[in-house]
Amino acid sequence: VILSPRAQGAWDTRKMKQQISDGKAASRPGKMLILQALAHGGALLALVALLVWLDASINASAAPWKLFVAAAGAFVSGLALSHIVHEWGHYFGAIGARSAVDIKAGIAPLFFDFDFSKNSSAQFLSRSLCGLAGNMLLLAVAVWWAASPSPVAISLLAAVLGQFVFVLILELPVSVGVLRGGDPWEVLGAHFGQGVPLFLGALVAGIAVAALVLVGY
């Protein structure tokens, strides 16, 4: 997700260069970044361990309720993993382009802010596209895992692919607009200014793709 809920409400062009923020910046960003990495990294490892355990414990001959629980657990884990790799993809893209960012003061799913007043269009593109690259990397892993189909692997693939479609619809048009010479903040405002229909369309598309994966296997 690019914008905080607070920033999505109104697009005031007089505030175009202000930083998008939904939290207070950390007074000691280096220390807070380590804590964010430990929290997110720990969550990622726990999710991977859960998926491996579920995949090793459940097979197609298991009781229906066990299959459902395992598949649901894998699906939710896939959504959570998608968010983690997406946001860290954004962060590494921003830092790789030497962008100005602020680390949040507390542990948060959206753990940093991108300062539009200090960063260029090229830096925005690096941040934006690397988030999608994180999703693509996770999708490649999910496809590899699903090469040996199991309820867990298929549910994971459905979640990861569905989430990828969701963020692709939300974020790729903004990157394309900036690549065509648009100002990042203006393009962002025009796209997300569509409001609920945009998010609803992305959600429906993501759910539809996930359902196709589940039905197809």
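All residue numbers refer to position in the chain's written sequence, counted from 1. Two thresholds apply to this predicted model, a pLDDT of at least 70 for residue-level local features and 80 or more for giving and counting side-chain atom pairs, whereas whole-chain, interface and lining totals are computed over all residues. Each side-chain value is worked out from all heavy atoms of the structure, with water and hydrogens disregarded.

(A) The packing of aromatic side chains, seen in detail. Here a Phe, Tyr or Trp ring, Trp counted by its six-membered ring, pairs with any other such ring whose centre lies within 6.5 Å, and the pair is stacked when the planes are under 30 degrees apart, edge-to-face when over 60, and tilted otherwise. Evaluated as defined, the whole model comprises 12 aromatic pairs. When the centroid spacing of 5.8 Å and the interplanar angle of 45° are considered together, the rings of Phe116 and Phe124 count as tilted. Note on exposure labels: buried denotes an accessible area under 20% of the residue type's maximum, exposed denotes more than 50%, and partly exposed covers the range between, all computed with a 1.4 Å probe on protein chains only. Judged by relative accessible area, which is 9%, Phe116 ranks as buried. Each residue in the set Trp88, Tyr91, Phe92, Phe111 and Phe112 is aromatic and connected to the rest through ring pairs, giving one cluster. Over a ring means this: the NZ of a Lys or the CZ of an Arg is within 6 Å of the ring centre and within 35 degrees of the ring normal. The ring centre of Phe114 lies 5.5 Å from the NZ or CZ of Arg127, which sits over that ring.

(B) The packing of helix H2 (residues 64-96) against helix H4 (residues 151-179), seen in detail. Following both chains from N to C, one finds H2 and H4 inclined at 40°, their axes separated by 7 Å at the closest point. Taken as a pair, H2 and H4 cross one another with a handedness that is right-handed. On H4, the residues that touch Leu67, Ala70, Ala71, Ala74, Phe75, Gly78, Leu79, Ser82, His86 and His90 of H2 are Pro151, Val152, Ser155, Leu156, Ala158, Ala159, Val160, Gln163, Val167 and Glu171. Broken down by class, the residue content of the contact of H2 with H4 amounts to 13 nonpolar, 6 polar and 1 charged. Every axis corresponds to a line fitted to the C-alpha atoms, with the helix fit spanning only the stretch in contact, and the corresponding angles, defined between N-to-C directions, vary from 0 to 180 degrees. Secondary structure is summarised from DSSP: a helix means a run of H or I of at least four residues, a strand means a run of E of at least two, and numbering begins at the N terminus for each. Definitions for this section: a left-handed crossing has its near helix turned counterclockwise from the far helix by less than a right angle. A right-handed crossing has that turn clockwise. The criterion used for residue contact is that any of the two residues' heavy atoms lie within 4.5 Å. Residue classes follow a fixed rule: Ala, Val, Leu, Ile, Met, Phe, Trp, Tyr, Cys and Pro count as nonpolar, while Asp, Glu, Lys and Arg count as charged, and any other residue, Gly among them, counts as polar.

(C) Representation of the environment of His90 in the model. Its location among the elements puts His90 in helix H2. In this structure the C-alpha to C-alpha distance between His90 and Ala133, which are 43 residues apart in sequence, comes to 8.9 Å.

(D) Seen up close, unusual backbone geometry. Phi is positive for Arg98, which is not a glycine, with a value near 60°. Mapped onto the elements, Arg98 comes out in the loop between H2 and strand E1 (101-103).

(E) Region of interest: helix H1 (residues 29-57). What a helix should span is 1.5 Å times the count of its residues minus one. An ideal rise of 1.5 Å per residue puts 42 Å on 29 residues; H1 measures up with 41 Å between its terminal C-alpha atoms. Those residues of H1 lying buried are Met32, Gln36, His40, Leu47, Leu51 and Leu54. On its buried face, H1 sits against H2, E1, helix H3 (121-145) and H4.

(F) Main features of the packing of H4 against helix H6 (residues 196-216). At a minimum axis distance of 8 Å, the contact between H4 and H6 shows a crossing angle of 155°. Taken together, H4 and H6 sit at an angle that is classed as roughly antiparallel. Note on packing geometry: the crossing formed by H4 with H6 is right-handed. Of H6, the residues touching H4 (which contributes Ile154, Ser155, Leu157, Ala158, Leu161, Gly162, Val165, Phe166, Ile169 and Leu170) are Leu198, Phe199, Gly201, Ala202, Leu203, Ala205, Gly206, Val209, Ala210, Val213 and Leu214. The class makeup of the residues in the contact of H4 with H6 is 17 nonpolar, 4 polar and no charged. For this classification, under 35 degrees means roughly parallel, over 145 means roughly antiparallel, 65 to 115 means roughly perpendicular, and everything else is oblique.

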